[in-house]
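Working through the structure, step by step
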Amino acid sequence: QVNHRLTHSYELARESNEFKPQVLGMVAHDLRNPLSVVSARSELIEILVDRDNDEKNRKMIVENSSEIFTAARRMEQQIERIIDNARDETRAINLSVAPFDVAAVISQAIDFNLPAADKKEISITYEGPESVTAEADGELLLEAVDNLVSNAVKYSYPSSAVVVSATHDDSEFSISVVDQGQGLSEEDMGKAFNRFTRLSAMPTGGEESVGLGLANVRAVVERQGGAVRAESPGKDKGAVFSITLPIKVVTE
């Protein structure tokens, strides 16, 4: 019995130690995307300020300042979430379930990645319902879609296209991100959502990759009872990354 208790205590300690770098890795990776928005928008503001401040420029300055505020707020919320988890001494990601517009969340994720896409002349379009209210953790869904769109832009060829689509029924919501990038091998598809895993594709614009984005997607999706999937016809034939969530759609 003593040996059993010691073994059990050891396993708990080991899991706790493994969880700490996992959380730190998730935070470090997920803060990169909003930080890139802050950087890109700040550069644009500097350019606009140097020009004649006509009405059009002032409007753009206000809009980009708003984007900076939103990105900074996202970073604060991510930090608060991690602190709450650490305080509760739990390995689970806390959920905050409430009604939200799924289409609006997807639109926000696309907006976050437009500066990076514009630099590579990559178009991002959305195909799905204009507005649909569902009950889930909207912030976690935003993180998942943001990561998928960011990855699609990162590994797509310049002057290509990324399409984000959404479908749903009364009890399930699916979101897919389709790119025209480097595609996936059979080996890639088997390990795509593993932590600290680099796939055969390389970023096409010199971006950095630490192999955590898709793992973070799986973590937040599975925490909400959902599933992730990666598909590809083969190398240089693009890829499709999908998430499916048992979201309750709210009807009027």
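What counts, and where the lines are drawn
- Residues numbered from 1 in each chain as written.
- Predicted model: local features only at pLDDT ≥ 70, side-chain atom pairs only at ≥ 80, totals over all residues.
- Heavy atoms only, no water.
- Pairing = 2+ DSSP bridges.
- Helix = DSSP H or I, 4+ residues; strand = E, 2+ residues; numbered from the N terminus.
- Contact = heavy atoms within 4.5 Å.
- Axes fitted to C-alpha atoms, helices over the stretch in contact; angles between N-to-C directions.
- pLDDT = per-residue confidence, 0-100.
- Parallel < 35°, antiparallel > 145°, perpendicular 65-115°, else oblique.
- Left-handed = near helix turned anticlockwise from the far one by under 90°.
- Nonpolar A, V, L, I, M, F, W, Y, C, P; charged D, E, K, R; others polar.

Here we look at the sheet that holds strand 8 (residues 248–249)
Pairing is antiparallel in the open sheet, where 3 strands are placed in the order 1-3-8. On the outer flanks of this sheet lie strand 1 (98–101) and strand 8, each paired with one strand and no other. Sheet contacts for helix 3 (residues 102–119): strand 1 and strand 3 (133–136); angle to strand 1, the most-contacted strand, approximately 60°.

Things to note about the confidence of the model for the protein
For the protein, the mean per-residue pLDDT works out to 80, and 76% of the residues sit at or above 70. Looking across the protein, the model is least confident in helix 1 (residues 2–49), with a mean pLDDT of 63, and most confident in strand 2 (residues 123–127), with 97.

Points about the packing of helix 4 (residues 138–155) against helix 6 (residues 213–223)
Two numbers describe how helix 4 lies on helix 6: the axes approach to 9 Å, and their chain directions differ by 155°. Accordingly, the angle class assigned to the pair helix 4 and helix 6 is roughly antiparallel. With respect to the hand of their crossing, helix 4 and helix 6 are arranged in left-handed fashion. The segment helix 4 lies against helix 6, with Leu140, Ala144, Asn147, Leu148 and Asn151 engaging Gly213, Leu214, Asn216, Val217, Val220 and Val221. A per-class count over the contact of helix 4 with helix 6 returns 7 nonpolar, 4 polar and no charged.

A look at the sheet that holds strand 7 (residues 239–245)
Sheet architecture is open: 5 strands sit in the order 2-4-5-7-6, paired in mixed fashion. Since the sheet does not close on itself, it has two edges, and those belong to strand 2 and strand 6 (227–231), each with one partner. With strand direction ignored, the average angle separating the axes of adjacent strands in the sheet is 15°. As paired elements, strand 5 (residues 173–179) and strand 7 share 7 bridges and run antiparallel to each other. By the bridge assignment for strand 7, Ile175 is matched with Ile243. Along the sheet, helix 3 makes contact with strand 2, strand 4 (161–168) and strand 5, crossing strand 2 at roughly 170°.

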